[in-house]
Amino acid sequence: MHPNKPNQMTVLPNPQTLASHKLVHQKVARPRPHPNPQQNPQVSIPKVASTNLKKALLESKGLLPGPPDQVSENTTNSLIATCCHLTAEVAAAHYDLQRAYTFTFIRHPYTRLYASYQEDMWQHYAVLVKILRSARGWSEAELADRGAVEGEAASITFTEFLTMVGSTDTDTEDKHWQPWFLEAQPCLILYNYIGYIEDMETGFQIVRDAVFGDQGREVELSKAGVNHWSRREVVEAYRQVSQSVLDRIYQNFEDDFVIGGYSRDIECIS
């Protein structure tokens, strides 16, 4: 047993989520008037928290390679990223894209990080190495033993995950927990709508009506990104994190907190 192995009282991942992979990211309404959005291409960042909406966008462009129920989530995400991901660089080079109906969703950094810990961290061997190096002080010789590293995956605590996130340059973070501000670039891209994942039902309806309102297209909100944990569980997990680690997380995600109007008080997590 490694000397820094956590005890039984620490917050550990739900074993049922170790093999799962879900895409989420999002937030509340800031609609801007836009004439005839259906006549323009629809552009969004890839992780819009609804696979069905992404498939509908692809289908409307003739890019869906088969019946929606037969196209995998990974294929959908790859195609969306290729055809419809509006970056600040593309927006600057092709100003006419700003006539498109653009939207994105923001999510509370605290709940987004907890989701990443429970669902996404386990898929990345390099992330496990970074956590064991930064949070447990493993030597390079220890980290060279892949079996030992993978053997520690289920014991990595939420605090250790946040320690790694807080000590990593935000520009090089994994996309699953990179600050939303860096991905969405709201100061450089004029979004017609910014929604909250906490009120995804409302946001989905607004985007669906704006994009497909006059086409009679039925698009249901997919539930793949629904959380498997309660607010109480998330709050309790953060209560076990030291203030110094929380301060570092806030420093890295301050823009997300400010733009989304989120409180840094863990008791206010919704």
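Rules behind the numbers
Residues numbered from 1 in each chain as written. Predicted model: local features only at pLDDT ≥ 70, side-chain atom pairs only at ≥ 80, totals over all residues. Heavy atoms only, no water. Helix = DSSP H or I, 4+ residues; strand = E, 2+ residues; numbered from the N terminus. Buried < 20%, exposed > 50% of the residue type's maximum accessible area, 1.4 Å probe, protein only. Contact = heavy atoms within 4.5 Å. Areas by Shrake-Rupley, 256 points an atom, 1.4 Å probe, with all protein chains shown as cover. Phe/Tyr/Trp six-rings, centres within 6.5 Å; stacked < 30°, edge-to-face > 60°. Axes fitted to C-alpha atoms, helices over the stretch in contact; angles between N-to-C directions. Parallel < 35°, antiparallel > 145°, perpendicular 65-115°, else oblique. Nonpolar A, V, L, I, M, F, W, Y, C, P; charged D, E, K, R; others polar. Core = buried A, V, L, I, M, F, W, Y, C linked by side-chain atoms within 4.5 Å. pLDDT = per-residue confidence, 0-100. Polar contact = N/O pair within 3.5 Å; in protein donor to acceptor, adjacent residues only side chain to side chain. Pairing = 2+ DSSP bridges. Left-handed = near helix turned anticlockwise from the far one by under 90°.

**Overview of the overall build of the chain**
In step 1: Counting its regular elements, the chain contains 13 helices and three strands.
In step 2: Sorting the 270 residues of the chain into buried and exposed places 49% on the buried side.
In step 3: Nonlocal contacts in the chain, meaning residues at least 24 apart in sequence, comprise 79% of its contacts between residues at least 6 apart.
In step 4: As presented, the chain carries roughly 12900 Å² of accessible surface, and 51% of it is formed by carbon and sulfur atoms.

**What about the packing of aromatic side chains?**
In step 1: By the definition in use, this model includes 12 aromatic pairs.
In step 2: Centre to centre, the rings of Phe158 and Tyr238 are 4.9 Å apart; their planes meet at 90 degrees, and the pair counts as edge-to-face. Of the two residues, Phe158 is situated in helix H8 (residues 158-166) and Tyr238 in helix H11 (residues 231-239); the sequence distance between them amounts to 80 residues. Comparing Phe158 with Tyr238, the two get one shared label, buried.

**Focus on the packing of helix H4 (residues 109-119) against H11**
In step 1: Across the interface, H4 lies against H11 with an axial gap of 11 Å and an inter-helix angle of 90 degrees. Considered as vectors, H4 and H11 are oriented roughly perpendicular to each other. When H4 is examined against H11, the residues Pro109, Tyr110, Thr111, Leu113, Tyr114 and Gln118 are found in contact with a partner set consisting of Glu233, Val234, Ala237 and Tyr238.
In step 2: Classifying every residue of the contact of H4 with H11 gives seven nonpolar, two polar and one charged.

**Describing the environment of Ser263**
In step 1: Among the secondary structure elements, Ser263 is positioned in the segment after helix H13 (254-260).
In step 2: Judged by its relative accessible area of 32%, Ser263 falls in the partly exposed class.
In step 3: Distance in space between the C-alpha atoms of Ser263 and Tyr110 is 9.9 Å, their sequence separation being 153 residues.

**Considerations on the nonpolar core**
In step 1: Of all hydrophobic cores here, the largest spans 46 residues; its most connected members are Leu113, Met121, Phe158, Phe161, Leu162 and Tyr238.
In step 2: Broken down by secondary-structure element, the contributors of at least two residues to this core are H4, helix H5 (125-136), H8, helix H9 (180-184), strand S3 (193-196), H11 and helix H12 (243-252).
In step 3: Residues within four places of Leu162 in sequence aside, it is in contact with Leu113, Tyr238, Val241, Val245 and Ile249.
In step 4: Among the nonpolar cores identified, the runner-up in size contains 19 residues, and Leu53, Leu57, Tyr101 and Phe103 belong to it.

**Some remarks on the confidence of the model for the chain**
In step 1: Model confidence for the chain is summarised by a mean pLDDT of 75, while 71% of its residues fall at 70 or above.
In step 2: Low pLDDT, under 50, characterises residues 1-48; the stretch is placed with 167 contacts to residues that sit more than four places away or in other chains.

**Focus: the side chain of Arg136**
In step 1: Here Arg136 is to be found in helix H5.
In step 2: Among the polar contacts listed, one links the side chain of Arg136 to the side chain of Glu160, at a separation of 2.7 Å.

**Digging into the pairing of S3**
In step 1: Burial along S3 is two-sided: the face carrying Tyr193 and Gly195 and the face carrying Ile194 and Tyr196 are both buried.
In step 2: Across four bridges, the pairing between strand S2 (residues 101-106) and S3 is parallel. Bridge pairing in S3 places Phe105 opposite Gly195.

**Some points on the packing of H8 against H12**
In step 1: For the pair H8 and H12, interaxial distance at closest approach is 9 Å and the crossing angle is 45 degrees. By the criterion of interaxial angle, the relationship of H8 to H12 is oblique. Pair H8 / H12 crosses with left-handed handedness. Of the residues in H12, those in contact with Leu162, Thr163, Val165 and Gly166 of H8 are Val245, Arg248, Ile249 and Asn252.

**Some remarks on unusual backbone geometry**
In step 1: In this model, Gln185 sits at a positive phi of 50 degrees, which is unusual for a non-glycine residue.
In step 2: Along the chain, the position of Gln185 falls in the loop between H9 and S3.

**Some thoughts on the environment of Trp177**
In step 1: Tracing the chain through its elements places Trp177 in the loop between H8 and H9.
In step 2: Through-space distance from the C-alpha of Trp177 to that of Tyr114 is 9.5 Å; in sequence the pair is 63 residues apart.
In step 3: Excluding residues that lie within four positions of it along the chain, Trp177 makes contacts with Arg112, Leu113, Ser116, Asp120, Met121, Val127, Phe161, Met164, Val165 and Phe253.

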